[in-house]
Amino acid sequence: MAEDMTIESYLAQGGVLSNPENVPPRYRAELMKLMTTFVDSELAGSAGFADIINEAPGIKERIAACRIVMEKTDHAERVMKVMADFGADIEKYATHQPWTARLDRDAVLGPTRTGGDMRLSVFHYPLAGWTDAVVMNVLMGRAVRIQLDEFARVSYQPLAEAFRAILPVETRHAELGEEGLRKLIADPAARDAAAASVAYWWPRVAESFGAAESARFEQQKGYGLRHRSNADLLASWEKDAGALLSELGLKAG
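Residues numbered from 1 in each chain as written. Predicted model: local features only at pLDDT ≥ 70, side-chain atom pairs only at ≥ 80, totals over all residues. Heavy atoms only, no water.

K.L.:
Is there a simple way to explain the pattern of salt bridges in this structure?
P.N.:
Pairing is possible between side chains that carry opposite charge, provided their charged atoms lie close to one another. This model, assessed by the stated rule, comprises 15 salt bridges. In this structure, E42 engages K72 in a salt bridge whose closest nitrogen and oxygen atoms are separated by 3.6 Å. Of this pair, E42 sits in helix α2 (residues 25–50) while K72 sits in helix α3 (residues 59–84), and the two are 30 residues apart along the sequence. A relative accessible area of 12% places K72 in the buried class. Ionic pairing is found between R78 and D74, a salt bridge with its closest N-O pair at 3.4 Å. Of this pair, R78 and D74 both sit in helix α3, separated by four residues, roughly a single helical turn. Looking at D74, the relative accessible area reads 32%, which means it is partly exposed. (Salt bridge = Lys/Arg side-chain N within 4 Å of Asp/Glu carboxyl O. Helix = DSSP H or I, 4+ residues; strand = E, 2+ residues; numbered from the N terminus. Buried < 20%, exposed > 50% of the residue type's maximum accessible area, 1.4 Å probe, protein only.)

K.L.:
Sorry, what's going on with the packing of aromatic side chains here?
P.N.:
Aromatic rings in a pair are described by how distant their centres are and how their planes are angled relative to each other. Under the defined criterion, the tally for this structure stands at ten aromatic pairs. Plain terms: the ring middles of Y200 and W201 are 4.9 Å apart, the flat faces sit at 90° to each other, and that makes the pair edge-to-face. What makes Y200 buried here is its relative accessible area of 13%. On the basis of relative accessible area, W201 is assigned to the buried category, the value being 0%. What links up through ring pairs into an aromatic cluster is the set F38, F151 and F163. Positioned over the ring face of Y200 is R105, at 3.7 Å from the centre of the ring. Seen from the ring of Y200, R204 lies directly overhead, with NZ or CZ sitting 3.7 Å from the centre. (Phe/Tyr/Trp six-rings, centres within 6.5 Å; stacked < 30°, edge-to-face > 60°. Lys NZ or Arg CZ within 6 Å of the ring centre and 35° of its normal.)

K.L.:
Can you help me understand the packing of α2 against helix α6 (residues 157–184) in this one?
P.N.:
How two helices sit against one another is set out by the angle between their axes and by the gap between those axes. Contact geometry of α2 with α6 gives a least axis separation of 13 Å together with a crossing angle of 25°. Comparing their axes, α6 and α2 come out roughly parallel. Both α2 and α6 take part in a crossing whose hand is left-handed. The residues of α6 that touch α2, namely those facing L31, L34, M35, F38 and E42, are L159, F163, I166 and E170. Along the lines of polarity and charge, the residues of the contact of α2 with α6 split into seven nonpolar, no polar and two charged. (Axes fitted to C-alpha atoms, helices over the stretch in contact; angles between N-to-C directions. Parallel < 35°, antiparallel > 145°, perpendicular 65-115°, else oblique. Left-handed = near helix turned anticlockwise from the far one by under 90°. Contact = heavy atoms within 4.5 Å. Nonpolar A, V, L, I, M, F, W, Y, C, P; charged D, E, K, R; others polar.)

K.L.:
What's the story with the packing of α2 against α3 in this structure? I'm lost.
P.N.:
The N-to-C vectors of α2 and α3 enclose an angle of 160°; their axes lie 9 Å apart at closest approach. By the angle between their directions, the pair α2 and α3 is classed as roughly antiparallel. Helix-helix and strand crossings are classified by hand; for α2 and α3 the assignment is left-handed. On α3, the residues that touch M32, M35, T36, F38, V39, E42, L43, S46, F49 and A50 of α2 are A65, I68, V69, K72, T73, H75, A76, V79, M80, V82 and M83.

Next comes the structure, spelled out in structure tokens:
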């Protein structure tokens with residue numbers, strides 16, 4: 001970085017940071033929010049999915065569910081290690097919130113944060129059985145792939161590297177869900193249940209991309225922490241997930 005260039009100008013031009021000591025306060029605040037939202041969502045998501053493992057219809061499905069729970073927890077730990085460089089107490093982090101807590105299934109939350117943690121709102125809704133869990137995993141899995149592709153380009157290099165390592169594993173989670181869904185909908189009764197779950201989860205997963213107009217986006221973009229708007233990411237997910245559902249004979253939305 002040139003001596004007469006501010007860190008903000010450096011970041012706006014595509015520069016990257018790798019040392020916590022060089023991070024400006026506002027940049028640090030936005031970076032911590034991004035990491036906390038990811039970690040809390042992974043911990044809440046894995047905790048909710050763990051509760052449904054015993055409803056898996058077979059040993060193969062049970063193994064896949066256990067793998068997803070374990071690896072999502074590992075992903076949370078990877079990012080927590082980056083947070084620790086900024087002073088976060090990761091030893092107590094995993095137990096400081098009731099990650100299995102859920103609200104009523106018919107609660108209306110929108111894209112805003114609720115409760116004492118920073119999980120995405122979609123992880124406040126309870127799963128209603130195995131088929132419902134598989135559908136949620138499929139739709140959210142496609143969303144996570146798009147979001148992680150965005151996060152893998154953040155300007156804080158240690159975090160970008162963590163997300164690049166996490167992305168292929170989360171992609172495999174989505175693939176496992178899709179394999180399970182294809183198997184389930186071969187049964188007409190399960191297909192009807194899957195269609196009802198798609199109708200339930202579609203708008204809730206869509207809300208995980210946040211409000212279409214975000215007051216913080218331009219600042220995050222200037223810091224190199226974001227590159228694509230919420231609306232742009234949402235549109236990519238709607239196209240991607242919609243194409244998959246169409247292939248499976250299910251209706252989006």
